[in-house]
Amino acid sequence: MFIIIGFIVVLGSVLGGFVLSHGKIGALWQPYELLIIGGAAFGAFLVANPMKVVKACASGVPKLLKGSHYKKSDYVDILAMLYDVLNKARREGMMGIERDVDDPASSELFSRYPKLQADKHLMEFTTDCLRLMVSGNFEPHELEQVLEVELETHSKEASEPAHALQVLADSLPGFGIVAAVLGIVITMASIGGEAAEIGKHVAGALVGTFLGILLGYGFVGPLAAALHHHAQEEAKAFEIIKMALVSSLRGYSPSVAVEFARKLLFSDMRPAFSDLDAHLRAKR
């Protein structure tokens, strides 16, 4: 919602100021300038990025309109799920959760959290980490290093769409200049004609520069920043899983390990200790 509001404010401010300064909106309608800028930018975008990143950008931008993938209630469920897993492992030993880890889809433990169970990426990360713990061959610092490498890989992959859009945003003013130069070429070719016609060509050329800068800094650049923030927010779910599991392997009780994980959450998404405790009691 705020993305749409932001774009409306950008357009309203730019076009409103132009109209109030006695400008005519029709003068800004230059479809061929848009074709030059948009077509060249899209072609360069395809050349610069593998298809995986192109698809990620296409699917990532609509997701921004839906808001964060993980809400505060989801983080509460993740912490509660971690508590249940670690508590069972503490009571029955690590081998007691082996069946849950090997087949999370039919696990009674994970089935208490259907939304998390349906999150393929989250469940794969969780069960892979637990599988390493079940094997019993990892020291806490070794598991932490392995998980940090995986999280770094995940973070890099998740940030690729934002980086690609930021590069596109930085290139748009340049393509606006290309459109403007071509407009000046047309203008120079019409020298000797009517002054009004030459003025239209010059205005069209300047609109090319205007569109390139507006699209780059007013639309595509902010979308890239929003995608970056979105990727950072999603990474928090994986970070708290890593923290809880590594803390448990170091010998901390399930409640303490989950508390360490809770501390990693941003303030707007972090449940209060009392709220989380009440949720865990209700689950029990």
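Remember, it's a predicted structure, so these values are computed and weren't measured experimentally. (Residues numbered from 1 in each chain as written. Predicted model: local features only at pLDDT ≥ 70, side-chain atom pairs only at ≥ 80, totals over all residues. Heavy atoms only, no water.)

Attention now goes to the overall build of the chain. Check the secondary structure of the chain and you find 11 helices and zero strands. When its helices and strands are written in sequence order, the chain yields α-α-α-α-α-α-α-α-α-α-α. Taking 284 residues into account, the globule formula puts the C-alpha radius of gyration at 19 Å, and the chain, at 27 Å, lies well above it. In terms of overall dimensions, the chain has a C-alpha envelope of 90 × 35 × 30 Å along the principal axes. For the chain, contacts bridging at least 24 residues in sequence account for 75% of all contacts bridging at least 6. For the chain, the computed accessible surface area is about 15800 Å², with 64% contributed by carbon and sulfur atoms. (Helix = DSSP H or I, 4+ residues; strand = E, 2+ residues; numbered from the N terminus. Rg over C-alpha atoms; globule rule 2.2 N^0.38 Å. Contact = heavy atoms within 4.5 Å. Areas by Shrake-Rupley, 256 points an atom, 1.4 Å probe, with all protein chains shown as cover.)

So, on to the pattern of salt bridges. Taken as a whole, this structure holds 14 salt bridges when the rule is applied. Note that glutamate 160 and lysine 52 form a salt bridge whose closest N and O atoms lie 3.7 Å from each other. With glutamate 160 in helix 8 (residues 140–189) and lysine 52 in helix 3 (residues 51–66), this residue pair connects regions lying 108 residues apart in the sequence. Using a relative accessible area of 27% as the deciding quantity, one classes glutamate 160 as partly exposed. Under the relative-accessibility criterion, lysine 52 is labelled partly exposed at 49%. A salt bridge links lysine 263 to glutamate 259; the shortest N-O distance between them is 3.7 Å. Among the residues examined, glutamate 259 registers a relative accessible area of 16% and is labelled buried. The structure contains a network of salt bridges with shared partners spanning Lys52, Glu157 and Glu160. (Salt bridge = Lys/Arg side-chain N within 4 Å of Asp/Glu carboxyl O. Buried < 20%, exposed > 50% of the residue type's maximum accessible area, 1.4 Å probe, protein only.)

Attention now moves to the environment of glutamine 30. Within the element layout of this structure, glutamine 30 appears in the loop between helix 1 (2–20) and helix 2 (31–48). Dropping the residues within four chain positions of it, glutamine 30 is found in contact with Gly204 and Val207.

Turning next to the UniProt feature "domain: Motility protein A N-terminal" (unreviewed entry) in the chain. Sequence positions flagged by UniProt for "domain: Motility protein A N-terminal" (unreviewed entry) are, in local numbering, residues 4–93. Here residues 4–93 is 80% helix and 0% strand, with 51 Å between the C-alpha atoms at its ends. (UniProt positions renumbered as here; feature names shortened; annotations may be inferred.)

With that out of the way, let us pick up the environment of lysine 242. Relative to the helices and strands, lysine 242 resides in helix 9 (residues 195–249). For lysine 242, a relative accessible area of 14% corresponds to the buried category. Separated by 109 residues in the primary sequence, lysine 242 and methionine 133 have C-alpha atoms spaced 12 Å apart. Aside from chain neighbours lying at most four places away, what touches lysine 242 is Phe125, Glu144, Leu147, Glu148 and Leu151.

Bringing the nonpolar core into the picture now. The tendency in soluble globular proteins is for nonpolar side chains to be buried side by side. Core analysis: the biggest nonpolar cluster contains 42 residues, and Tyr75, Ile78, Leu122, Leu130 and Leu245 have the highest contact counts within it. At the level of secondary structure, the elements contributing two or more residues to this core comprise helix 4 (72–92), helix 7 (120–135), helix 8, helix 9, helix 10 (254–262) and helix 11 (273–283). Sorting elements by how many residues they give to this core places helix 4 first, with 11 residues. Non-local contacts of tyrosine 75, meaning those with residues more than four positions away in its chain, are made with Tyr70, Glu233, Lys236, Ala237, Ile240, Leu265 and Met269. Counting 21 residues, the second largest nonpolar core, distinct from the first, contains Val53, Ala162, Leu172 and Ala224. (Core = buried A, V, L, I, M, F, W, Y, C linked by side-chain atoms within 4.5 Å.)

Once that is clear, we can look at the packing of helix 2 against helix 8. Between helix 2 and helix 8, the least distance of the axes is 9 Å, while the angle of their chain directions is 140 degrees. Classified by the angle between their axes, helix 2 and helix 8 sit oblique to one another. You can see that helix 2 and helix 8 cross each other, and the crossing is right-handed. When helix 2 is examined against helix 8, the residues Glu33, Ile36, Ile37, Ala40, Ala41, Ala44 and Phe45 are found in contact with a partner set consisting of Ala164, Leu165, Leu168, Leu172, Phe175, Gly176, Val178, Ala179, Ala180 and Leu182. For the contact of helix 2 with helix 8, the class distribution of residues is 15 nonpolar, one polar and one charged. (Axes fitted to C-alpha atoms, helices over the stretch in contact; angles between N-to-C directions. Parallel < 35°, antiparallel > 145°, perpendicular 65-115°, else oblique. Left-handed = near helix turned anticlockwise from the far one by under 90°. Nonpolar A, V, L, I, M, F, W, Y, C, P; charged D, E, K, R; others polar.)

Glancing now at the UniProt feature "transmembrane region" (unreviewed entry) in the chain. Per the UniProt record, the feature "transmembrane region" (unreviewed entry) sits at residues 32–49, 172–191 and 203–227. Helix and strand shares over residues 32–49 are 94% and 0% respectively, and the end C-alpha atoms of the span are 26 Å apart. In residues 172–191, the share of helix is 90% and the share of strand is 0%. The end C-alpha atoms are 29 Å apart.

Relative to the assigned elements, lysine 88 resides in helix 4. We classify lysine 88 as buried; its relative accessible area is 18%. With residues near it in sequence (within four places) discarded, lysine 88 still touches Gly93, Gly96, Ile97, Asp100 and Leu109.

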